[in-house]
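# Structural features, examined
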Amino acid sequence: MFKNECPGSQDIKSPRPEEIKCRSCGAEVEIWTDETEAKCKACGTVTNRLLGASCLDWCAFAKECVGEDKYRRIQAGRSSKN
Ligand SMILES: [Zn+2]
Ligand SMILES: [Zn+2]
C-alpha cells in the first residue's frame, strides 16, 4: 500500500501492542509501539521505555512520515525523560 514508507515509521503508523515488564512489580504491562509509557494495571506504576530506533531518528521527513500529532507527542515524551 505505502511503497516508499520508511521502515521506521511502521510501528508508529500502525501501532501494535507489546508487553513490557513493570519496573516496580514485574507484571506484564501492555504498551503500544507508538507509546513511550504505560501504566501497570497491578500496581499503578508508570513504566517508561525508549522507542526503538525509528524514522524519527534518521528521517528528515519524520513529521510527514508519522504525522505531526504523533511526531510531537513522541518528541515530547522523549524530552521529558531528560
Ligand atoms: Zn506493576
Ligand atoms: Zn520517515
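The structure this text deals with has already been given above.
The structure presented is a predicted model; accordingly, all values stated were derived computationally and were not measured.

## Quick look at the overall build of the protein
When you go through the protein residue by residue, the secondary structure sums to four helices and four strands. Along the chain direction, N to C, the helices and strands of the protein fall in the order α-β-β-β-β-α-α-α. Looking at the protein as a whole, 33% of its 82 residues are labelled buried. Accessible area of the protein: about 5,600 Å², with a carbon and sulfur share of 50%.

## Describing the coordination of the zinc ion (ligand 2)
Between any two of four tetrahedral donors, the ideal angle at the metal is 109.5 degrees; between two of six octahedral donors, it is 90 or 180 degrees. Summarising the metal site, the zinc ion (ligand 2) is bound by the protein donors Cys6 (SG), Cys55 (SG), Cys59 (SG) and Cys65 (SG), whose distances to it range over 2.2 to 2.5 Å. Coordination at the zinc ion (ligand 2) comes from four donor atoms whose angles at the metal span 103 to 121 degrees, giving a geometry best classed as tetrahedral. The sequence motif formed by the donor residues of the zinc ion (ligand 2) is C-x48-C-x3-C-x5-C. Placement of the pair is Cys6 in the segment before α1 (10-13) and Cys55 in helix α2 (residues 55-58), with a sequence separation of 49 residues. Cys55 sits in the buried class, given a relative accessible area of 0%.

## Re the environment of Val66
Considering the arrangement of structural elements, one finds Val66 in helix α3 (residues 62-66). Distance in space between the C-alpha atoms of Val66 and Ser14 is 9.5 Å, their sequence separation being 52 residues.

## Overview of the pattern of salt bridges
Under the definition given, this model contains eight salt bridges. A salt bridge links Arg49 to Glu18; the shortest N-O distance between them is 2.8 Å. On the criterion of sequence distance, the pair formed by Arg49 in the loop between β4 (46-48) and α2 and Glu18 in strand β1 (residues 17-21) is long-range, its members being 31 residues apart. Arg49 gets classed as buried once you look at its relative accessible area, which sits at 16%. The exposure class assigned to Glu18 is partly exposed, which follows from its relative accessible area of 28%. With a closest N to O distance of 3.8 Å, Asp69 and Arg72 form a salt bridge. Remark: Arg72 and Asp69 occur in helix α4 (residues 68-79); sequence separation between them is three residues, near one turn of the helix. Judged by its relative accessible area of 61%, Asp69 is exposed.

Definitions and limits used
- Numbering of residues starts from 1 in each chain and follows the order in which that chain's sequence is written.
- Lettering of chains starts at A and numbering of ligands starts at 1, both following the order in which they are written.
- The model is predicted, so local features are restricted to residues of pLDDT at least 70 and side-chain atom pairs to those at 80 or more, both for listing and for counting; the totals for chains, interfaces and linings are taken over all residues.
- Side-chain calculation: all heavy atoms of the structure are included, whereas hydrogens and water are not.
- Under the scheme used here, helices are H or I runs from DSSP no shorter than 4 residues and strands are E runs no shorter than 2 residues, and both carry numbers assigned from the N terminus.
- Each residue's exposure class comes from its accessible area (1.4 Å probe, protein chains only) as a fraction of the maximum for that residue type: buried when under 20%, exposed when over 50%, partly exposed otherwise.
- All accessible areas in this document rest on Shrake-Rupley with a 1.4 Å probe, and a residue is counted as covered only by the protein chains that are shown.
- Any N, O or S atom lying within 2.8 Å of the metal counts as a donor, with the limit raised to 3.2 Å for Na, K and Ca; because water is left out of the atom set, some sites can appear incomplete.
- Square planar and octahedral assignments, for four and six donors respectively, both demand that opposite donors be over 155 degrees apart and that all other angles lie between 65 and 115; tetrahedral needs four donors with all angles between 85 and 135 degrees, and anything else is irregular.
- Any Lys or Arg side-chain nitrogen found within 4 Å of a carboxyl oxygen on Asp or Glu counts as a salt bridge.

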